[in-house]
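Structural characterization, general
If you want the building blocks of each chain, they are given just below.
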Amino acid sequence: MASFNLKVNGKSHQVDVEDDTPLLWVLRDHLGLVGTKFSCGIAQCGACTVHLNGNPTFSCVTPISSVGNSEVTTIEGLSENGDHPVQKAWEEVDVAQCGYCQGGQIMQAVAFLKQNPNPSMEEIDNAMNRNICRCGTYHKIREAVAEAAKNM
C-alpha cells in the first residue's frame with residue numbers, strides 16, 4: 001500500500017491504497033463520495049466521469065497514482081446546493097429517468113460548456129456521445145445542455 005494526498009472538491013484527503021486502485025473506488029469506498037457511479041469499468045459508458053483539473057475523466061480506469069496534484073471534482077463538488085446551471089437545467093427539463101448515468105452526464109456537460117459556451121445541437125451531440133444513457137433520454141440531455149448554455 002501507498003499513501004496518496006488528494007484534493008477532492010476543494011478538500012485535502014489522505015488515503016492508503018494500492019497505486020493501481022482506480023480513482024472511482026477511492027472516491028466511493030474511501031471518501032464516501034458515491035455520486036460517481038460504477039457501470040462498465042472499461043471507460044465506455046461515462047457513468048464514472050469526474051473532472052481532473054476541469055477535464056472530464058473516466059475515473060474507473062484512472063489509477064490513483066496518476067492523479068498527482070490534480071484537483072478532482074465530483075458531482076458532489078459541482079455545487080453545494082445543486083444549483084449549478086447544468087444541474088438546474090437537468091431539473092427544469094426533467095432529464096432523469098432511472099438517474100444512474102446522470103452524475104457522469106452532468107459532469108461531461110459542465111466540462112463541455114466551459115470549452116464551448118454557445119454550442120450548436122450537433123456540437124452538443126458530439127460532446128455528449130461519450131456518455132451512455134440506458135434509458136435513452138438523449139433528446140432531453142441535449143435540451144438540458146442547450147438550456148444550461150443560455151444560463152452560464
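Bear in mind the structure is a predicted one, so any value in this text is a computation, not a measurement. (Residues numbered from 1 in each chain as written. Predicted model: local features only at pLDDT ≥ 70, side-chain atom pairs only at ≥ 80, totals over all residues. Heavy atoms only, no water.)

Quick look at the pairing of strand β2 (residues 11–17)
By the bridge criterion, seven bridges tie strand β1 (residues 2–8) to β2 in an arrangement that is antiparallel. Opposite L6, over in β2, you have H13 as the bridge partner. In textbook terms, the turn of a hairpin is the stretch between consecutive antiparallel strands, and for β1 and β2 this stretch comprises two residues, one of which, N9, has a positive phi near 50 degrees. (Pairing = 2+ DSSP bridges. Helix = DSSP H or I, 4+ residues; strand = E, 2+ residues; numbered from the N terminus.)

Let's talk about the pairing of β1
Pairing of β1 with strand β5 (residues 71–73) involves two bridges; the strand directions are parallel. Of the residues in β5, the one forming a bridge with K7 is E71.

Some remarks on the sheet that holds strand β3 (residues 49–52)
Read from one edge of the open sheet, five strands run β2-β1-β5-β3-β4, paired in mixed fashion. Looking along the sheet, the strands with just one partner apiece sit at the ends: β2 and β4 (55–58). Here the strands of the sheet are splayed against their neighbours by 40 degrees on average, with no regard to which way each runs. Each of β1, β2, β3 and β5 touches helix α1 (residues 23–30); the most contacted strand, β2, lies at about 105 degrees to it. Each of β3, β4 and β5 is contacted by helix α4 (residues 102–115), which is oriented at about 35 degrees to β3, the strand it contacts most. (Axes fitted to C-alpha atoms, helices over the stretch in contact; angles between N-to-C directions. Contact = heavy atoms within 4.5 Å.)

A short note on the domain arrangement of the protein
Domains assigned within the protein are domain 1 (2–77) and domain 2 (85–150). Spacing between the C-alpha centres of domain 1 and domain 2 amounts to 21 Å. In this complex, domain 1 contributes 16 residues to the contact, which on the side of domain 2 involves 13 residues. Interface area for domain 1 against domain 2, summed over the two sides, is near 1,300 Å², with a carbon-plus-sulfur share of 57%. (Domains from an automatic or database assignment. Buried area = accessible area lost by both parts, 1.4 Å probe.)

Remarks on helix α3 (residues 85–93)
Owing to its 3.6 residues per turn, the α-helix aligns residues three or four sequence positions apart on the same side. Listed in full, the buried residues belonging to α3 are V86, Q87, A89, W90 and V93. For α3, the buried positions fall inside an angular range of 160 degrees around the axis, keeping them on one side. Turned more than 90 degrees from where α3 packs its buried face, K88, E91 and E92 sit exposed. Its buried side turned inward, α3 meets α2 (75–78), α4 and α6 (138–150). Positive backbone phi, approximately 60 degrees, marks D94, located one or two places after α3. (Buried < 20%, exposed > 50% of the residue type's maximum accessible area, 1.4 Å probe, protein only. Arc of directions from axis to C-beta.)

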